[in-house]
Amino acid sequence: MLEIKQITKRFGAFTAVDELSFEVPEGQIFGLLGANGAGKTTTFRMLLGLLKPTEGSITWKGQPIPLSKIGYLPEERGLYPKIRVDEQLIFLAELRDMKRKDAKQSLLDWLNYFQIPQYEKMRVEQLSKGNQQKIQLISAVLHKPDLLILDEPFSGLDPVNVEQLKTAVRKLTAEGTTIVFSSHRMDHVEELCEHVAILDHGKPVVAGYLPDIKAGYGKTRVLLTTDAPPLLWDALPGILQVESDGTGHSLQVESKEAADSLLRHLITEGFRVERFVWDQLSLQDIFIEEVGKRYEP
Ligand code: ATP
């Protein structure tokens, strides 16, 4: 497994990552979240050995991580626009100790997987952004790394391409690849990751198994469809936030007791309640709660 122990990274007097620890068991996806500038990319650079932690240690199965075992999809995409897909990807795989013949076969397998074998000999600049992103992902996994680091892998993609890349990520974990992944899209993280850490100014403010994190919050959500006027909840205690659409209301409530008293109130007052469903806080709620309260633009 990947073990990050108490890593800190200082640039002069500035601390970009502050005593961060987490573990990722083999074959799992870990979500590293945080506002802009929270320290995610700096953490990734330390995982890759591009930056040395000021303090702390990073190990893979108890040892330093050899570069040939890591794949990296950087946030700033790094393919050479003028060079052919096959030439640059096979070259990069060879740099990571893969034999040319195996790299070529792995490239063909992945191009066929994404149903884009026709791009093998094209220059990167000739491809659409979505296909460039697929090629970039292929370049990160061609050498069959044990540990894959994905920095914002779905940014700038249309919904169809997002789904294709998510499916590829799931395929990689099913085959045993361990993934550390960052995204500003909480719904993607929630869908893919069981374990997460939220960084704030380099410090982990929430970390662990996502269902436990959610269960640890007293607050909850209620999905409500009723003929009661929205003015009603403005007057009730413990209702923190309301979002409404054509199908009803989603209320963030302070506690289960506050939700119980809302339901009692609706019934006593004779309103019709067509739907009253408990829902956990979303990762988006938790992120806003934990990072939003300290946010400095
Ligand atoms: P984003 O979501 O915007 O990509 P991030 O969480 O990846 O943000 P980092 O890029 O890790 O954030 O940056 C964390 C902080 O460290 C920022 O304040 C950044 O300015 C600072 N930083 C990063 N690299 C250096 C460096 N080489 N020298 C000085 N400061 C740096």
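Starting from 1, residues in each chain are numbered consecutively following that chain's sequence as written. Predicted model: local features are reported for residues with pLDDT of at least 70 only, side-chain atom pairs are reported and counted for 80 or more only, and whole-chain, interface and lining totals are derived from all residues. Just so you know, side-chain values use all the structure's heavy atoms and leave hydrogens and water out.

Regarding the pairing of strand β7 (residues 178–182)
Thinking step 1. Counting buried positions over the 5 residues of β7 gives 5, a clear majority of the element.
Thinking step 2. Throughout this description, buried means an accessible area under 20% of the type-specific maximum (1.4 Å probe, protein chains only), exposed means over 50%, and partly exposed covers the range between. Numbering of helices and strands runs from the N terminus; a helix is a DSSP stretch of H or I covering at least four residues, while a strand is a stretch of E covering at least two. What you see with β7 is no split at all: Thr 178, Val 180 and Ser 182 on one side and Ile 179 and Phe 181 on the other are buried throughout.
Thinking step 3. Two strands are said to pair when DSSP picks up at least two bridges between them. The pairing of strand β3 (residues 29–34) with β7 spans 4 bridges and is classified as parallel. For Leu 32, the partnering residue across the bridge sits in β7 and is Ser 182.
Thinking step 4. Across 5 bridges, the pairing between strand β6 (residues 147–151) and β7 is parallel. Note that in β7 the partner of Asp 151 across the bridge is Ser 182.

Considerations on the pairing of strand β1 (residues 2–11)
Thinking step 1. As paired strands, β1 and strand β4 (residues 55–60) are joined by 5 bridges and run antiparallel to one another. Counterpart to Lys 5 in the pairing with β4 is Ser 57.
Thinking step 2. Across 7 bridges, the pairing between β1 and strand β2 (residues 14–24) is antiparallel. Directly across from Glu 3, in β2, lies its bridge partner Glu 23.

Section: the packing of helix α2 (residues 85–95) against helix α4 (residues 129–141)
Thinking step 1. Interaxial angle, 0 to 180 degrees, is taken between N-to-C directions of lines fitted to C-alpha atoms, where a helix line uses only the stretch in contact. For the pair α2 and α4, interaxial distance at closest approach is 9 Å and the crossing angle is 25°. Regarding the angle of α2 to α4, the classification is roughly parallel. The handedness of the crossing between α2 and α4 comes out as right-handed. Side by side, α2 and α4 meet where Val 85, Leu 89 and Leu 92 of the first sit next to Ile 135, Ile 138 and Ser 139 of the second. An angle below 35 degrees is read as roughly parallel, one above 145 as roughly antiparallel, one from 65 to 115 as roughly perpendicular, and any other as oblique. If you view the pair so one helix is near and one far, a crossing is left-handed when the near helix is turned anticlockwise from the far one by less than a right angle, and right-handed when it is turned clockwise. It only takes one pair of heavy atoms within 4.5 Å for two residues to be counted as in contact.

Notes on the UniProt feature "domain: ABC transporter" (unreviewed entry) in the protein chain
Thinking step 1. UniProt positions are given in the numbering used here, feature names are shortened, and annotations may be inferred rather than shown by experiment. Listed under "domain: ABC transporter" (unreviewed entry) in the UniProt record, and renumbered for this structure, are residues 2–226.
Thinking step 2. Annotated as 33% helix and 30% strand, the span residues 2–226 places its first and last C-alpha atoms 49 Å apart.

A closer look at the side chain of Thr 8
Thinking step 1. Within the secondary structure, Thr 8 sits in strand β1.
Thinking step 2. Of note is the side chain of Thr 8, whose polar atom sits 3.0 Å from the backbone nitrogen of Glu 19.
Thinking step 3. Contacts of Thr 8, omitting those with residues within four sequence positions, involve Thr 15, Val 17, Asp 18, Glu 19, Met 46, Pro 53, Thr 54 and Glu 55. Pairing of N or O atoms within 3.5 Å defines a polar contact, subject to two protein rules: one partner must be a possible hydrogen donor and the other a possible acceptor, and residues neighboring in sequence count only if both atoms are side-chain atoms.

A closer look at the sheet that holds strand β12 (residues 248–253)
Thinking step 1. Read across the open sheet, the 4 strands follow the order β11-β12-β10-β13; overall the sheet is antiparallel. What marks the edges here is a single partner per strand, and that holds for β11 (239–245) and β13 (273–279). Taking each pair of neighbouring strands and ignoring which way they run, the sheet shows an average axis angle of 20°.
Thinking step 2. Sheet strands touched by helix α9 (residues 256–268): β10 (220–226), β11, β12 and β13. Its angle to β13, the strand with the most contacts, is close to 175°.

Description of the packing of aromatic side chains
Here the distance between the centres and the angle between the planes together describe a pair of aromatic rings.
Thinking step 1. Whether two aromatic rings pair depends on their centres lying within 6.5 Å, for rings of Phe, Tyr and Trp, where Trp uses its six-membered ring; planes under 30 degrees apart make the pair stacked, over 60 edge-to-face, and the rest tilted. In this structure the tally under the stated criterion is 6 aromatic pairs.
Thinking step 2. An aromatic cluster is built from Trp 110, Tyr 113 and Phe 114, whose rings are joined through pairwise contacts.
Thinking step 3. In this scheme, the term charge over a ring applies when either NZ of a lysine or CZ of an arginine sits within 6 Å of the ring centre and within 35 degrees of the ring normal. Positioned above the aromatic ring of Trp 110 is the side chain of Lys 171, whose terminal nitrogen or guanidinium carbon lies 5.1 Å from the ring centre.
Thinking step 4. We note Lys 171 situated over the ring of Tyr 113; from NZ or CZ to the ring centre the distance is 5.1 Å.

Let's talk about the nonpolar core
Thinking step 1. One finds Phe 114, Ile 135, Ile 138, Leu 150, Ile 179 and Phe 181 to be the most contacted residues of the largest nonpolar core, which totals 51 residues.
Thinking step 2. Setting aside residues up to four positions removed in sequence, Ile 135 forms contacts with Leu 79, Val 85, Leu 89, Leu 111, Ile 116 and Leu 127.
Thinking step 3. Core analysis: the next-biggest nonpolar cluster, separate from the first, contains 24 residues, Ile 7, Leu 47, Ile 70 and Leu 199 among them. To define a nonpolar core, start from buried Ala, Val, Leu, Ile, Met, Phe, Trp, Tyr and Cys residues and group those joined through side-chain atoms within 4.5 Å.

So, the site of the ligand
Thinking step 1. Nearness is defined per residue: one heavy atom within 4 Å of the molecule or strand is enough. Near the ligand lie 13 residues; those nearest to it are Gly 37, Gly 39, Lys 40, Thr 41 and Thr 42.
Thinking step 2. The contact in question runs from an oxygen atom of the ligand to an N or O atom on the backbone of Gly 37, over 2.7 Å.
Thinking step 3. Using the Shrake-Rupley algorithm and a 1.4 Å probe, accessible areas are obtained, with residue cover drawn only from the displayed protein chains. Protein chains bury 63% of the 640 Å² of accessible surface belonging to the ligand in isolation.
Thinking step 4. Elements with a contribution of two residues or more to the shell around the ligand: β2 and α1 (40–47).
Thinking step 5. If you tally residues by element for the shell around the ligand, the top one is α1, at 3 residues.
Thinking step 6. Counted by class, the shell around the ligand contains 5 nonpolar, 6 polar and 2 charged residues. Gly falls in the polar group here, along with every residue not listed as nonpolar (Ala, Val, Leu, Ile, Met, Phe, Trp, Tyr, Cys, Pro) or charged (Asp, Glu, Lys, Arg).

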